Amino acid sequence: MRFTREPFESGGIGGVILPGLCGVGRMGVMTLQSLLMLPLQLSPRRLREVLRQMYLLGVKSLPVVTLVGMFMGMILALQAGLELRRYNQEMLIGAGVMISSLREMGPFMTGLILAACVGSAMAAQIGTMTVNDEIAALEIMSVNPIRYLVAPRMAAMVLMTPVLSFYACILSVVGGGIVAVTQLSVPFRQYMKVAMDFAQVYDLYVGLFKALVFGILVTGISCFEGFSTRQGAVGVGHATRNSVVKSFVFILVVGYIITRLFYDL
């Protein structure tokens with residue numbers, strides 16, 4: 001199994017688009033294979049590795065998610081509150097923070113954090129194994145690298161990304177409440193009442209689904225870039241950078257598509 005970037009002799013725009021489409025196709029196939037292998041990760045021998053990855057991907061990301069989630073809500077409340085105050089509607093600030101966090105900002109910021117902190121580490125680790133011929137050694141021993149390396153990370157990301165997204169949403173609402181009380185003179189009880197009245201369970205489900213998709217994208221892109229690494233240490237650096245950049249782009253595009261599909265204009 002090799003994830004090489006095959007050169008195209010054709011020049012012009014076709015020489016740029018075709019390799020990109022082929023890379024997306026190969027990444028999609030690898031991601032689908034890892035998803036189909038998720039039931040195999042429930043065995044006692046593999047479950048220990050999944051739990052280890054859950055700790056590395058989820059628990060170790062909590063400090064960053066906590067800080068970003070809190071200040072995300074504070075910024076949302078401050079910016080929206082300043083405009084709502086012009087119309088004497090600052091009492092509605094809780095609804096704006098809650099809905100925007102559930103629908104978009106919670107999963108979006110969680111996806112970006114995991115792409116930067118976790119995805120880059122995946123690409124660097126697997127890329128180092130690739131250039132050191134450790135992936136080739138696994139294949140010689142008839143060990144499927146996708147099942148051995150990608151599937152545990154995919155299982156951990158699928159489980160932890162929605163949890164981290166929900167955690168970020170809670171902190172965002174708390175941070176917005178702090179700003180509402182201290183700077184907008186909105187009672188916290190009133191802030192939470194408005195937030196709960198306007199929020200819907202549907203918004204929560206859409207946000208968790210977005211987080212799940214973002215986790216799958218980050219894992220698939222990062223592992224694929226790691227397997228595609230060439231040229232030694234320089235290639236590892238390129239793979240790490242490409243994994244973060246591509247993850248950011250895919251999160252933005254796919255996030256918009258999901259929002260457009262689930263919310264009619």
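Here is what the cut-offs are and how they apply
- Residues numbered from 1 in each chain as written.
- Predicted model: local features only at pLDDT ≥ 70, side-chain atom pairs only at ≥ 80, totals over all residues.
- Heavy atoms only, no water.
- Helix = DSSP H or I, 4+ residues; strand = E, 2+ residues; numbered from the N terminus.
- Contact = heavy atoms within 4.5 Å.
- Expected span 1.5 Å × (residues − 1).
- Buried < 20%, exposed > 50% of the residue type's maximum accessible area, 1.4 Å probe, protein only.
- Core = buried A, V, L, I, M, F, W, Y, C linked by side-chain atoms within 4.5 Å.
- pLDDT = per-residue confidence, 0-100.
- Phe/Tyr/Trp six-rings, centres within 6.5 Å; stacked < 30°, edge-to-face > 60°.
- Disulfide = S-S within 2.5 Å.
- Salt bridge = Lys/Arg side-chain N within 4 Å of Asp/Glu carboxyl O.
- Axes fitted to C-alpha atoms, helices over the stretch in contact; angles between N-to-C directions.
- Parallel < 35°, antiparallel > 145°, perpendicular 65-115°, else oblique.
- Left-handed = near helix turned anticlockwise from the far one by under 90°.
- Nonpolar A, V, L, I, M, F, W, Y, C, P; charged D, E, K, R; others polar.

Engineer: Got a minute to help me understand the side chain of Gln41 in this structure?
Structural biologist: Summarising the element assignment, Gln41 is placed in the loop between α1 (14-36) and α2 (44-57). Those residues within four positions of Gln41 in sequence are excluded, and the remaining contacts are Arg46, Leu47, Val50, Arg147, Ala151, Pro152 and Ala155.

Engineer: Which parts of the structure should I look at to understand helix α9 (residues 232-262)?
Structural biologist: Helical periodicity: at 3.6 residues per turn, an α-helix aligns residues three or four positions apart in one direction. Helix length check: α9, at 31 residues, gives a terminal C-alpha distance of 44 Å against a target of 45 Å (1.5 Å per residue), a fit within 8%. All of the buried residues in α9 are Gly235, Val236, Ala239, Ser243, Ser247, Ile251, Val254, Gly255 and Ile258. Buried positions along α9 lie against α4 (93-131) and α8 (201-227).

Engineer: Even after reading the chapter, I still don't get the nonpolar core, so can you show me in this structure?
Structural biologist: The tendency in soluble globular proteins is for nonpolar side chains to be buried as a group. Counting residues in hydrophobic clusters, the biggest one holds 36 residues, and the most contacted among them are Met30, Met157 and Phe227. With residues up to four places along the chain from it excluded, the contact list for Met157 reads Leu57, Leu114, Val118, Met122, Pro162, Gly215, Val218 and Thr219.

Engineer: Looking at this structure, how should I read the environment of Ala80?
Structural biologist: Tracing the sequence through the fold places Ala80 in helix α3 (residues 62-86). Along the backbone, Ala80 and Leu92 are 12 residues apart, and their C-alpha atoms lie at a distance of 9.5 Å.

Engineer: I would appreciate a short explanation of unusual backbone geometry in the present structure.
Structural biologist: A negative phi angle is the norm for most residues apart from glycine, just as the trans form is the norm for most peptide bonds. Residue Asp133 is not a glycine yet carries a positive backbone phi of 65°. With respect to the helices, strands and loops of the structure, Asp133 is situated in the loop between α4 and α5 (134-140). Judged by its relative accessible area of 48%, Asp133 falls in the partly exposed class. Positive phi, close to 70°, is recorded for Gln231, a residue that is not glycine. By the secondary structure assignment, Gln231 is in the loop between α8 and α9.

Engineer: Would you take a moment to explain the confidence of the model for the chain for this structure?
Structural biologist: Low-confidence regions, as indicated by low pLDDT, have predicted coordinates that should not be scrutinised in detail. Residue-level pLDDT values for the chain average 87, and 93% of them are 70 or greater. Per-element confidence in the chain is highest for α8, whose mean pLDDT is 93, and lowest for α1, whose mean pLDDT is 79. Per-residue pLDDT stays below 50 along residues 6-10; that stretch engages in five contacts with residues further than four places along the chain or on separate chains.

Engineer: Just checking my understanding: could you explain the packing of aromatic side chains for this structure?
Structural biologist: In the structure shown here, the tally under the stated rule is three aromatic pairs. Centre to centre, the rings of Tyr202 and Tyr263 are 5.6 Å apart; their planes meet at 80°, and the pair counts as edge-to-face. Taken together, the residues Tyr202 in helix α8 and Tyr263 in the segment after α9 connect sequence positions 61 residues apart. Using a relative accessible area of 17% as the deciding quantity, one classes Tyr263 as buried.

Engineer: So what exactly am I meant to see when it comes to the state of the cysteines here?
Structural biologist: Note on terminology: disulfide describes a covalent bond linking the sulfur atoms of two cysteines. Per the stated rule, a full pass over the model turns up zero disulfides. Not engaged in a disulfide, the cysteine Cys169 finds its nearest cysteine sulfur in Cys117; these two sulfurs lie 18 Å apart. In this structure Cys169 comes out as buried when scored by relative accessible area, which is 5%.

Engineer: How do you make sense of the environment of Leu56 when you look at a structure like this?
Structural biologist: Summarising the element assignment, Leu56 is placed in helix α2. With relative accessibility at 32%, the residue Leu56 sits in the partly exposed group.

Engineer: Can you help me understand the pattern of salt bridges in this one?
Structural biologist: Taken as a whole, this structure holds six salt bridges when the rule is applied. In this structure, the salt-bridge partner of Asp203 is Arg103, at a minimum N-O distance of 3.0 Å. Highlighted residues: Asp203 in helix α8 and Arg103 in helix α4, separated in sequence by 100 residues. Here Asp197 ties to Lys193 by a salt bridge, and the two come within 3.0 Å at their closest N and O atoms.

Engineer: In this structure, what is going on with the packing of α2 against helix α6 (residues 145-182)? I would like to understand it.
Structural biologist: The relative placement of two packed helices is expressed as an angle between their axes plus a distance between the axes. Look at α2 against α6: their axes get within 8 Å of each other, and the N-to-C directions meet at 50°. Between α2 and α6, the angle is such that the two are oblique. Taken as a pair, α2 and α6 cross one another with a handedness that is right-handed. Judged by residue contacts, Arg46, Glu49, Val50, Gln53, Met54 and Leu57 of α2 engage Arg147, Tyr148, Pro152, Arg153, Ala155, Ala156, Met157, Leu159, Met160 and Leu164 from α6. Within the contact of α2 with α6, the residues separate by chemical class into 11 nonpolar, one polar and four charged.

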